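Each chain is listed here by its residues.
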Amino acid sequence: MNHQKGHVVVLTYPAQGHINPLLQFAKRLASKGLKATLATTHYTVKSIHATTVGIEPISDGYDESGFKQAPSTEAYLESFKSVGSKTLSDLISKFKDSASPVNCIVYDSLLPWALDVARQFGIYGAVFLTNSASVCSMYWHIHHGHLTLPVKQETEPVLLPGLPSLGISDLPSFLAQTAVIMEKVGCLENNDWVFCNSSEELESEVVKAMLGLWPLVMIGPMVPSAYLDQQIHGDIAYGASLWELNITAKQAEEIAWGLIASNMHFLLVAKDSKNKLPIEFINSVKERGLVVPWCNQLEVLAHQSVACFVTHCGWNSTLEALSLGVPMVAMPQCCDQPTNAKFVEELWQVGIKAKKNKEGIVTRDELEMCIKEVTAGNKSEEIMKNATKWRKLVIRAVSLGGSSDKNIDEFVGKLVRGEGEQSLILGCT
Ligand SMILES: O=c1ccn([C@@H]2O[C@H](COP(=O)(O)OP(=O)(O)O[C@H]3O[C@H](CO)[C@@H](O)[C@H](O)[C@H]3O)[C@@H](O)[C@H]2O)c(=O)[nH]1
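Rules used throughout
Residues numbered from 1 in each chain as written. Predicted model: local features only at pLDDT ≥ 70, side-chain atom pairs only at ≥ 80, totals over all residues. Heavy atoms only, no water. Axes fitted to C-alpha atoms, helices over the stretch in contact; angles between N-to-C directions. Helix = DSSP H or I, 4+ residues; strand = E, 2+ residues; numbered from the N terminus. Parallel < 35°, antiparallel > 145°, perpendicular 65-115°, else oblique. Contact = heavy atoms within 4.5 Å. Nonpolar A, V, L, I, M, F, W, Y, C, P; charged D, E, K, R; others polar. Domains from an automatic or database assignment. Buried area = accessible area lost by both parts, 1.4 Å probe. Salt bridge = Lys/Arg side-chain N within 4 Å of Asp/Glu carboxyl O. Left-handed = near helix turned anticlockwise from the far one by under 90°. Buried < 20%, exposed > 50% of the residue type's maximum accessible area, 1.4 Å probe, protein only. Near = heavy atom within 4 Å. Polar contact = N/O pair within 3.5 Å; in protein donor to acceptor, adjacent residues only side chain to side chain. Areas by Shrake-Rupley, 256 points an atom, 1.4 Å probe, with all protein chains shown as cover. Pairing = 2+ DSSP bridges. pLDDT = per-residue confidence, 0-100. Right-handed = clockwise from strand over helix to strand, strands pointing away.

Participant: Could you clarify how one ought to interpret the packing of helix α15 (residues 380-398) against helix α16 (residues 403-416) in this entry?
Facilitator: Axes are the key here: two packed helices are described by the angle between their axes and the distance separating the axes. Orientation of α15 relative to α16, taken along the N-to-C sense of each, is 20°, at an axis distance of 4 Å. The angle between the axes of α15 and α16 places the two elements in the roughly parallel class. Together, Arg396, Ala397 and Val398 of α15 and Ser403, Ser404 and Asp405 of α16 make up the contact between the two elements. In the contact of α15 with α16, the residues fall into 2 nonpolar, 2 polar and 2 charged.

Here it is as structure tokens:
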């Protein structure tokens, strides 16, 4: 393929929920004629398989096993920043005199220093948000003083432009980590593009509210093409496997018995099942359930016999269920998941959120009730109708001429026409 002038380096944080959408974006760009190179850490590169996208390692300073080697989160991010900036620069330089010099870095919002690297080389810099636009708009509001931290239990519901009324339990848990927010917000406004793994239809109100405030471009959902528009030949899976999710043994046990009580056949993905699930459960599931350490989640969700997805509401999982029209029982744990769960229940009305008890646990009875409500209760028909509606809207957004597809085309057009080089010359005069 002749890549003309467009070569994008897509820089991803080395975790499943980040690599999946960023690799998918790189594949989309490659399918539209750009040269796309995914950059990630040395120890992650070997877990990624892609034929249309180049894969290149950079260093986070812990080349053997990354985050696990680091003494703390702060130390890890600091090391990633200093060693990562240098090795990302080396990567950009490596292509400088090639037939395809890099003219844009698209970077994960957890790695905001990549924008400085783009600026040093005089090329475009774009952040990629792996959370919803709604969640990211909250950082922006905090930064501009529209929302004060910490949000206290007794305060009124949080009311922000483009967002539904939010209670304290609907807010992302990491809103408290001011330093992370400031870094993210800082990079939103200075970018050439702010790409968000979502679609205009899914978050129409917040897109309107943020218009002109930052260069927000909705390009998602970044789900393999075979499950949505089917435009990219052979794009049947993300192509990376690094999955990790920890829940407490008590919560795992309640989920296990709740599934049994629901009387439905089930597939339970539990990484550490031997240590966390009761032996009586393992012995009694054989007839109706299968417990596995990992599954191809998309393939399972796409199966016609799946009536309900009990999910922690990671943004990718939420988008996958919306993309495949599968109703959800939301069991958020941390990060942006509480807000995603709120949207599942109230904005898109494609599921219900399981309530936690005083100890912060969703009990087996609550889970049983939620599964029955979603699959056969009073709301089940309405939920299924909505799930089908959103699936159609999402497919339309990523299909030829749809809102996300057009947004990607505009970006590709700008890179291929070489406007980056012109603006660099103007910047120097
Ligand atoms: O057995 C499994 C388990 C997971 N997956 C895939 O792994 C991804 C998981 O992503 P996500 O649902 O977003 O969960 P996390 O990995 O927990 O995501 C982290 O990153 C997300 C994006 O920033 C945040 O929304 C979450 O809160 C945060 O926990 C999805 O694509 C799944 O399809 C599988 O294919 N098989």
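Participant: Could you clarify how one ought to interpret the domain arrangement of the protein in this entry?
Facilitator: One widely used convention gives an interface's size as the accessible area the parts lose upon coming together. In terms of domains, the protein is made up of domain 1 (7-243 + 400-417) and domain 2 (249-392). A buried area of about 2,400 Å², summed over both sides, lies between domain 1 and domain 2, and 62% of it is on carbon and sulfur atoms. Broken down residue by residue, the surface that domain 1 buries against domain 2 is led by Leu202, Tyr227 and Trp243, which jointly contribute 31%. Where domain 1 touches domain 2, the interface holds 2 salt bridges. Between lysine 342 and aspartate 170 there is a salt bridge, with its nearest N and O atoms 3.5 Å apart. The leading source of residues in the side of domain 1 that touches domain 2 is helix α5 (residues 133-143), at 3 residues.

Participant: What's the story with the packing of helix α3 (residues 73-94) against helix α4 (residues 114-121) in this structure? I'm lost.
Facilitator: Axis separation between α3 and α4 bottoms out at 10 Å; the angle between their running directions is 40°. On the basis of the axis angle, α3 is oblique to α4. In the crossing of α3 with α4, the sense of the turn from one axis to the other is right-handed. When α3 is examined against α4, the residues Ser85, Leu88, Ser89, Ile92 and Ser93 are found in contact with a partner set consisting of Ala114, Val117, Gln120 and Phe121. Residue composition of the contact of α3 with α4, by class: 5 nonpolar, 4 polar and no charged.

Participant: Would you mind going over the environment of valine 269 with me for this structure?
Facilitator: If you trace the backbone, valine 269 turns up in strand β8 (residues 266-269). Exposure remark for valine 269: the relative accessible area of 36% places this residue in the partly exposed category. Excluding anything up to four places from it in sequence, valine 269 contacts Val292, Pro293, Trp294 and Cys295.

Participant: Teacher, can you tell me more about the site of the ligand here?
Facilitator: Around the ligand there are 21 residues in total, and Cys295, Asn316, Ser317, Glu320 and Asp336 lie nearest to it. A distance of 3.1 Å separates an oxygen atom of the ligand from a polar atom in the side chain of asparagine 131. Within the side chain of glutamate 320, one N or O atom sits 2.5 Å away from an oxygen atom of the ligand. Protein contacts shield 92% of the accessible area of the ligand, which totals 690 Å² for the unbound molecule.

Participant: For this particular structure, what's the right way to read the sheet that holds strand β11 (residues 328-330)?
Facilitator: Strands belonging to one sheet form pairs held by backbone hydrogen bonds; the direction of such a pair is parallel or antiparallel. Reading across from one edge, β10-β11-β12 is the order of the 3 strands in this open sheet, with parallel pairing throughout. Of all strands in the sheet, those bounded by a partner on one side alone are β10 (309-311) and β12 (351-353). Across the sheet, the mean angle from the axis of one strand to that of its neighbour is 15°, orientation sign disregarded. Here β10 pairs with β11 via 3 bridges, running parallel. By the bridge assignment, phenylalanine 309 is partnered in β11 with methionine 328. Contacting β11 and β12, helix α13 (residues 337-347) runs over the sheet at an angle of about 135° to β12.

Participant: What is the right way to read the confidence of the model for the protein from this model?
Facilitator: Here the protein averages 91 in pLDDT, while 92% of its residues score no lower than 70. Note on residues 420-429: pLDDT is under 50 here. Beyond four places in sequence and across chains, it has 3 contacts. With pTM at 0.95, the complex prediction returns an ipTM value of 0.99.

Participant: I'm lost on the pairing of strand β1 (residues 7-11) in this one. Help?
Facilitator: Along β1, 5 of the 5 residues are buried, which leaves the element largely enclosed by surrounding structure. Because side chains alternate across β1, one face comprises the buried residues His7, Val9 and Leu11, and the other comprises Val8 and Val10, equally buried. Pairing analysis gives 5 bridges linking β1 to strand β2 (residues 35-41), with the strands arranged parallel. Paired with valine 8 across the strands is alanine 36, a residue of β2. Where the polypeptide runs from β1 across helix α1 (residues 16-31) and back to β2, its parallel neighbour, the crossover connection is right-handed. Summarising the sheet, β1 and strand β4 (residues 104-108) pair through 4 bridges and their orientation is parallel. Of the residues in β4, the one forming a bridge with valine 10 is valine 106.

Participant: Is there a simple way to explain the pattern of salt bridges in this structure?
Facilitator: Proximity of charged atoms lets side chains of opposite charge pair with each other. In total, this model carries 16 salt bridges according to the counting rule given. Across the pair arginine 119 and aspartate 192 runs a salt bridge whose closest N-O atoms are separated by 3.1 Å. You can see arginine 119 sitting in helix α4 and its partner aspartate 192 sitting in the loop between α6 (178-190) and β6 (193-196), a full 73 residues away along the chain. Exposure remark for arginine 119: the relative accessible area of 39% places this residue in the partly exposed category. A salt bridge links lysine 385 to glutamate 382; the nearest nitrogen and oxygen atoms lie 3.8 Å apart. Note that lysine 385 and glutamate 382 are positioned in helix α15 at a spacing of 3 residues, about one turn of the helix.

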